[in-house]
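# Summary of structural features
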Number of protein chains: 2
Amino acid sequence: MSLSSEDIADGEGVPFDDRGLAYGDGLFETVLVRDGVATLWEAHMARLVRGGERLGIPVPSRSALDALPARAGAGLWVLKLTLTRGSGGRGYRLPDMPAPRLRWRVTPFTPSPERWWQGIRVRHCRLALGIQPRLAGLKHLNRLENVMARAEWQDPEIAEGLLCDSEGRLVEATSMNLFWQRAGRLETPGLARCGVAGTLRDALCRRLGIEEVDAGPETLESAEAVWLGNAVQGLWPVRRLDDDQGQKLADWRIGRLHRALQAEAHALLGYPCHDDDAGERDEEDEA
Amino acid sequence: MSLSSEDIADGEGVPFDDRGLAYGDGLFETVLVRDGVATLWEAHMARLVRGGERLGIPVPSRSALDALPARAGAGLWVLKLTLTRGSGGRGYRLPDMPAPRLRWRVTPFTPSPERWWQGIRVRHCRLALGIQPRLAGLKHLNRLENVMARAEWQDPEIAEGLLCDSEGRLVEATSMNLFWQRAGRLETPGLARCGVAGTLRDALCRRLGIEEVDAGPETLESAEAVWLGNAVQGLWPVRRLDDDQGQKLADWRIGRLHRALQAEAHALLGYPCHDDDAGERDEEDEA
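Computed from a predicted model, the values in this text were never measured in an experiment.

## Side note on the overall build of chain A
Within chain A one finds 8 helices and 14 strands. For chain A, whose C-alpha radius of gyration is 20 Å, the value lies close to the compact-globule estimate of 19 Å for 287 residues. Overall size of chain A, expressed as C-alpha extent along the three principal axes, is 60 × 45 × 35 Å. Taken across its 287 residues, chain A has 60% of its residues classed as buried. Here the contacts in chain A between residues at least 6 apart in sequence split such that 73% fall between residues at least 24 apart. Carbon and sulfur atoms make up 49% of the accessible area of chain A, which totals about 11,200 Å². Computed over 36 positive and 44 negative side-chain charges, the separation of the two mean positions in chain A equals 4 Å.

## What to know about the sheet that holds strand E2 (residues 26–34) of chain B
Residues and elements named next belong to chain B. Taken in spatial order, the 5 strands of this open sheet run E1-E5-E4-E2-E3, and their pairing is mixed. Two strands in the sheet have a free side with no partner beyond their single neighbour: strand E1 (7–10) and strand E3 (37–38). Across 2 bridges, the pairing between E2 and E3 is antiparallel. Bridged to Arg 34 within E3 is Val 37.

## Notes on the nonpolar core
If you look at the biggest cluster of nonpolar residues, it comprises 46 residues, and the most contacted ones within it are Trp180(A) and Leu228(A). Counting residues per element, this core draws most heavily on helix H7 (residues 256–269) of chain A, which supplies 5 residues. Domain assignment of the residues forming this core places at least three in each of domain 1 (3–108) and domain 2 (114–286) of chain A. With 45 residues, the next largest nonpolar core counts Leu162(B), Ala173(B), Val226(B) and Leu241(B) among its residues.

## Thoughts on the relation of the copies chain A and chain B
For these two chain copies, the linking operation is a rotation about an axis paired with a shift along it. Once turned by 180° and shifted 0.0 Å along the axis, chain A lies on chain B with an RMSD of 0.0 Å. On the angle and the small slide along the axis, the relation comes out as a two-fold axis. Of the residues that chain A buries at the interface, 100% are likewise interface residues in chain B, meaning the two copies contact each other through the same surface.

## Digging into the interface of chain A and chain B
Counting from both sides, the interface comprises 59 residues of chain A and, opposite them, 59 residues of chain B. For the pairing of chain A and chain B, the buried interface totals around 4,400 Å² over both sides, and the portion due to carbon and sulfur atoms is 62%. Our enumeration of links across chain A and chain B arrives at 2 salt bridges. As a salt-bridge pair, Glu152(A) and Arg134(B) come within 3.2 Å of each other at their nearest N and O atoms. Linking chain A with chain B are 17 residue pairs in polar contact (both at pLDDT 80 or more). Secondary structure elements with two or more residues in the side of chain A that touches chain B: helix H1 (19–23), strand E2 (26–34), helix H2 (41–55), strand E4 (76–84), strand E5 (101–108), strand E6 (120–129) and helix H4 (144–150) of chain A. Considering every element that reaches the side of chain A that touches chain B, the biggest residue donor is H4(A), with 6 residues. Tallied by class, the residues present in the side of chain A that touches chain B amount to 23 nonpolar, 18 polar and 18 charged.

## Looking at the domain arrangement of chain A
Residue and element names in this part refer to chain A. Per the domain assignment, the segments making up chain A are domain 1 (3–108) and domain 2 (114–286). Relative to domain 2, the C-alpha centre of domain 1 lies at a distance of 27 Å. Of the residues lining the interface, 25 residues belong to domain 1; the matching set on domain 2 comes to 24 residues. A buried area of about 1,800 Å², summed over both sides, lies between domain 1 and domain 2, and 64% of it is on carbon and sulfur atoms. Of all residues in domain 1, Phe 28, Leu 40 and Arg 47 give up the largest surface area on contact with domain 2, accounting jointly for 34% of the area buried on that side. Put simply, domain 1 and domain 2 have 0 salt bridges between them.

## Observations concerning the packing of helix H5 (residues 199–208) of chain B against helix H7 (residues 256–269) of chain B
All names here are of chain B. Between H5 and H7, whose axes approach to 11 Å, the crossing angle comes to 125°. On the basis of the axis angle, H5 is oblique to H7. Taken as a pair, H5 and H7 cross one another with a handedness that is right-handed. In contact with Leu 200, Ala 203, Leu 204, Arg 207 and Leu 208 of H5, H7 contributes Leu 261, Glu 264, Ala 265, Leu 268 and Leu 269. Partitioning the contact of H5 with H7 into residue classes produces 8 nonpolar, no polar and 2 charged.

## Quick word on the sheet that holds E5(A)
All names here are of chain A. Pairing within the open sheet is mixed, and its 5 strands lie in the order E1-E5-E4-E2-E3. A strand with exactly one partner marks an edge of an open sheet, and here the two such strands are strand E1 (7–10) and strand E3 (37–38). Helix-sheet contacts for H2 involve E2, E3 and E4, and the interaxial angle to E2 is about 175°.

Procedures and definitions
Residues numbered from 1 in each chain as written. Chains lettered and ligands numbered in written order. Predicted model: local features only at pLDDT ≥ 70, side-chain atom pairs only at ≥ 80, totals over all residues. Heavy atoms only, no water. Helix = DSSP H or I, 4+ residues; strand = E, 2+ residues; numbered from the N terminus. Rg over C-alpha atoms; globule rule 2.2 N^0.38 Å. Buried < 20%, exposed > 50% of the residue type's maximum accessible area, 1.4 Å probe, protein only. Contact = heavy atoms within 4.5 Å. Areas by Shrake-Rupley, 256 points an atom, 1.4 Å probe, with all protein chains shown as cover. Lys, Arg positive; Asp, Glu negative; His and termini not counted. Charge placed at Lys NZ, Arg CZ, Asp CG, Glu CD. Pairing = 2+ DSSP bridges. Core = buried A, V, L, I, M, F, W, Y, C linked by side-chain atoms within 4.5 Å. Domains from an automatic or database assignment. Least-squares fit on C-alpha atoms with pLDDT ≥ 70 in both. Buried area = accessible area lost by both parts, 1.4 Å probe. Salt bridge = Lys/Arg side-chain N within 4 Å of Asp/Glu carboxyl O. Polar contact = N/O pair within 3.5 Å; in protein donor to acceptor, adjacent residues only side chain to side chain. Nonpolar A, V, L, I, M, F, W, Y, C, P; charged D, E, K, R; others polar. Axes fitted to C-alpha atoms, helices over the stretch in contact; angles between N-to-C directions. Parallel < 35°, antiparallel > 145°, perpendicular 65-115°, else oblique. Left-handed = near helix turned anticlockwise from the far one by under 90°.

Written out as structure tokens, the structure is:
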């Protein structure tokens, strides 16, 4: 597809019959842009291409995509790309000639409260994610489960909610990936059944040898450390875990392991590393 | 909400930040309109209200909605309504003040090939629907599963594909509800875990005492009759069932039971009843 024939527009909406609106038939990416330079750009582009292949949606030319991050000015921005299958088809049936639409916007970004980088409180969600291997891992536009899960709590002190699948395995948080250390090993839920394969997650798994495992929620209560991360907010150590009623299940001191992981993650995103309590001894980390 | 403050527009699209586009955060209805009069209108409105309650999306005033079908002219039309949660919120978090958007369009409608009313060929899909009781039954905008399932076949002689859930229970077809007769009883899959509760389905269940059951796909092969239906296409008797490779699993003669059911369904939608082979004896129907 040549650049000139591509339907790419800055901040515009989509028509009534766009399949992204009608069916969530599309993909998105949210990219942290620092002074006009996209962070983890190759990983975002790789996921978009992977998603396009799985859904059968042609992805715009790389040259067109590569030009977008520079449209942000100095400072911190989020570039959001939404790629839909465009219009056409009869009902759910695919159009014979796909004419995808790419819409994008850059918005100034302020990270969540600074103190969340020091440690957050999370809770379990009641909603359990449906199992759908055909869509698992993709950042597609069918996100009602995430919306419904995020609506389960209003307390601003709860930073995130954790999600299991319908068979009781840990998957992720509503908008972040989940990681823990158990018996000295770094682990994260496998995402072959549901969940979003975050770009920061993939980078951390490769760099640190984090292992993909199947694990139930009780795993967290006996974990030595738990943390969340995504490519926009960075890495949040978990200091307290509540059940779905807000009752405490476990808590952790934030120590050297967390800070080392955060240093890895934040180097990729250009965020600072937080070690203001570095003088404090942390028994778990010394083990 | 007063009519004047409602964001209702004819055939317009939505802006980039609309949550319907971003997350599939909304609902839709497709209504058969005959000479400006909507069929099964109360049932469509009831489902929209039920969906709005489950998702927490305010539904526009009934007076505004009631005015829409008359915007279609003489003849057969489909009125499509798309209701989104509007813009706002931060990420998946709900906006503090929801400002939903209703978009609608009437399009001239031609039913599928006339001969499909006489009997269709269907196949099983490989895709299995994820189980999500929180969204089950709703006609929400997260329909990638339906899109992916419909993409499994291109043969124009295959009218529909049948879907099971991830635990192997029959649910529906990609855009129709599924029914069968077994040991003289009329049955349809329960929809507490996934699937769309069609308005024609609900009407037929109430009128004919069709029972909701849990059943595996093998149920169909020994059924006395199988049929599909929705509120736009009407009722299609199934004459042949294939597996997901296109190999025949079962076939049925279309007989008096099918025609009686179709007469019920088509009376609700104003379609004709097809009995051109009424003279033919049908042993199953005589049983």
